[in-house]
2 protein chains.
Amino acid sequence: MKIVTFNCNSIRTRLEAVMRWLEDHQPDILCLQETKVVDELFPADVFREAGWQVVFRGEKSYNGVAIVSREAADEVWFGLDEEPKDEPRMVHARFGKLHVVNTYVPQGRDIEHEMYAYKLEWLARLKAYFQKRFTAKTPLFWCGDLNVARHPIDVTNPKTKLDHVCYHPTIREAFEDVLEFGFTDLFRHHHPDLEDYSFYDYRVPFDPANKRGWRIDYVLATPPLAAKSVGAGIDIEPRARPKPSDHCPLFADVDW
Amino acid sequence: MKIVTFNCNSIRTRLEAVMRWLEDHQPDILCLQETKVVDELFPADVFREAGWQVVFRGEKSYNGVAIVSREAADEVWFGLDEEPKDEPRMVHARFGKLHVVNTYVPQGRDIEHEMYAYKLEWLARLKAYFQKRFTAKTPLFWCGDLNVARHPIDVTNPKTKLDHVCYHPTIREAFEDVLEFGFTDLFRHHHPDLEDYSFYDYRVPFDPANKRGWRIDYVLATPPLAAKSVGAGIDIEPRARPKPSDHCPLFADVDW
DNA sequence: GTATTGACTG
DNA sequence: CAGTCAATAC
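Residues numbered from 1 in each chain as written. Chains lettered and ligands numbered in written order. Predicted model: local features only at pLDDT ≥ 70, side-chain atom pairs only at ≥ 80, totals over all residues. Heavy atoms only, no water.

For chain A, the count of helices and strands is six helices and twelve strands. Radius of gyration (C-alpha) of chain A: 17 Å, near the 18 Å computed for a compact globule of 256 residues. Taking the principal axes of the C-alpha coordinates as reference, chain A spans close to 45 × 45 × 40 Å. When the 256 residues of chain A are sorted by exposure, 55% land in the buried category. For chain A, the proportion of contacts with a sequence separation of at least 24, taken over those separated by at least 6, is 68%. Mean positive and mean negative side-chain charge positions of chain A (33 and 41 charges, respectively) differ by 1 Å. (Helix = DSSP H or I, 4+ residues; strand = E, 2+ residues; numbered from the N terminus. Rg over C-alpha atoms; globule rule 2.2 N^0.38 Å. Buried < 20%, exposed > 50% of the residue type's maximum accessible area, 1.4 Å probe, protein only. Contact = heavy atoms within 4.5 Å. Lys, Arg positive; Asp, Glu negative; His and termini not counted. Charge placed at Lys NZ, Arg CZ, Asp CG, Glu CD.)

The environment of DNA strand D is formed by 15 residues, the closest being A:Ser10, A:Arg14, A:Ser61, A:Tyr202 and B:Arg203. Within 4 Å of the protein, atoms of DNA strand D come from sugar and phosphate in 78% of cases. A:Ser61 is positioned such that a nitrogen or oxygen atom in its side chain is 3.1 Å from a sugar or linking oxygen of DNA strand D. Partitioning the surface near DNA strand D into residue classes produces four nonpolar, four polar and seven charged. (Near = heavy atom within 4 Å. Polar contact = N/O pair within 3.5 Å; in protein donor to acceptor, adjacent residues only side chain to side chain. Nonpolar A, V, L, I, M, F, W, Y, C, P; charged D, E, K, R; others polar.)

Once that is clear, we can look at the sheet that holds strand E10 (residues 217–221) of chain B. Residues and elements named next belong to chain B. The mixed open sheet is built from six strands, whose spatial order is E5-E6-E7-E8-E10-E9. The sheet terminates laterally at strand E5 (75–78) and strand E9 (184–185), the two strands that pair on one side only. Taken together, the six bridges between strand E6 (residues 90–95) and strand E7 (residues 98–104) define a ladder with antiparallel strand orientation. For Arg-94, the partnering residue across the bridge sits in E7 and is His-99. (Pairing = 2+ DSSP bridges.)

Around DNA strand C sit 13 residues in total, of which A:Arg203, B:Ser10, B:Arg14, B:Ser61 and B:Tyr202 are the nearest. Separating a phosphate oxygen of DNA strand C from a side-chain N or O atom of B:Lys60 is a distance of 3.4 Å. Here the surface near DNA strand C is built from residues that sort into three nonpolar, three polar and seven charged.

The following block contains the structure:
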C-alpha cells in the first residue's frame with residue numbers, strides 16, 4: 001500500500017493538482033492538511049466522482065484536514081480528547097485493523113508567543129491520545145505536517161534555525177517524546193543520509209539546484225507497519241509548477 | 001484589413017487568450033479596453049516578441065486602452081481635448097491616412113449618479129474631438145466598449161433595461177448624436193436583424209442555447225471605410241472557456 | 001461572477 | 001511568494 005501526506009495549502013486552490021496526483025500515483029491513503037475551507041465548501045463531490053472516499057473537517061481560512069482513500073474508513077474521529085479539541089487539525093480514521101492519524105500541528109508563530117507553548121502542549125496531548133487507545137503493536141500511521149524538523153539534516157543551515165519554532169531544541173525534544181511511543185520515521189528509515197525537504201518557504205526564492213527547505217512533513221509508523229515498509233520519498237514536482245505549492249507530497253510504500 | 005475591438009477585462013489575466021486570438025485571426029488592428037494596468041507593468045514585450053506593435057495608456061486597477069497592430073502607427077495621442085482628458089479611456093492612432101480612435105466610454109454606474117452625467121458629456125466631448133480634426137470623408141474607425149446598446153435588438157429584454165445606464169433613452173440619444181458625425185455601425189450594417197451580443201454579465205449564468213447579453217462594443221466607420229466593408233461578426237468563443245471573459249471580440253473586415 | 005486593491009498570515 | 005478576507009467596480 002501507498003500512504004501519503006500533503007499540506008495542500010488550500011484544497012480549493014490545489015484541487016486540480018491533488019486530483020492529478022491521485023490519478024498518477026494511485027495511493028491507498030492521502031492525508032491532507034491546510035485545506036482552508038469550511039466543510040460546506042469542501043469539494044467532496046470532485047473526489048467522490050473520481051472514485052475516492054474522503055472525510056474532512058475544516059474552518060474558514062485556516063487549518064483543515066482530510067483523509068482521501070480508495071476504500072471507505074470504518075470509523076472516523078476528529079480532534080484531540082480535551083478542549084480545545086482542534087478538530088480542524090486532527091482526523092483519525094480506522095480501516096479494518098489499521099489506524100491512520102493525520103495531524104496539522106500548530107506552527108507556533110514565535111518562541112515567545114503563547115502559540116509555541118500551545119504547540120509543545122499539543123504534542124503531549126497527542127501522545128496521550130495515542131497512549132489511551134493504542135500500543136506499539138497497533139498498526140498505526142501518524143502522518144501530517146508536524147511543523148518540526150527532527151535533525152540537522154532536516155533543515156537548511158540548521159545552526160541559524162535554533163530559535164525557529166520548527167527547530168528549537170524544546171520542540172524537537174517534544175517531538176522525540178511522542179516518537180518514543182514507538183514510531184519509525186519512514187522517510188529517514190529508507191534514506192538515512194538523504195537531505196531532502198518537504199517544505200519550501202514561498203519567501204525564499206526556489207532554486208532546484210540549491211534547495212533551501214525543511215522536512216517537517218512525516219509518515220510515521222508503529223513497528224508492525226515499519227517492518228513491512230519498502231520505500232519512501234518526496235515528490236518535488238508540485239514545487240516547480242506554474243502554480244507551485246510550498247509543501248510537497250511525502251509518501252511511503254508498505255507491504256500491508 | 002481586419003479590425004477588432006475587445007474589452008479584455010485585465011490584459012494580464014487575459015494575455016494568453018489575447019495572444020492566441022492574434023495568432024489565430026491575424027487582425028491588422030486590435031483595440032483593447034479595460035487593460036487595468038499601469039504602463040510600467042503593461043506586457044508590451046510579449047506583443048513585440050510575437051511581432052506586433054502596441055501602444056497603450058493605463059492606470060492602476062481601472063480603465064486602460066491599447067491598440068495592437070501589425071504595422072507601427074505614425075502618430076499616437078491619448079485622451080480627450082480638455083481636462084479631465086481621461087487618457088486611460090481613449091487612444092487615437094494614425095496609420096498613413098487611416099485614423100483609429102479606441103475608446104472605453106464611462107459605464108455611468110447609475111442613472112442618478114454623477115458618473116452618468118459625465119458619460120453623457122463624455123460622448124459630446126468625443127464628438128467635438130472628431131469635429132475638430134476630421135470630416136465624414138476622413139477614413140476613420142471609432143472602436144471600443146461604448147457602454148451603450150443602440151436598439152432593442154442589441155439587448156435581451158430591452159423593456160426591462162430602460163433605466164439602465166447602457167440603454168436609457170438619454171444615452172442612446174447621445175450615442176446617436178455622435179454617430180451623426182457620419183459613422184456606420186459595421187456589425188449592424190452586415191447583419192440588420194441578427195441578435196448577437198458582445199457582452200455577457202458575469203452575474204447572469206451563461207447559457208449558450210439562450211443567450212442573455214448586450215451589444216455594447218462597436219466598430220464604427222466613416223463612409224470611405226464603410227463603403228469598403230465586406231463583413232463583421234462577434235467571436236463568442238472567449239465567453240465559453242475555463243477562464244471566460246465577459247466581453248467578446250467584435251471584428252470587421254474592410255477592403256482597404 | 002470575475003476582476004482589482006490592501007491588510008494579514010505563514 | 002502565495003494563500004486568506006473584505007471592499008469596490010462592472
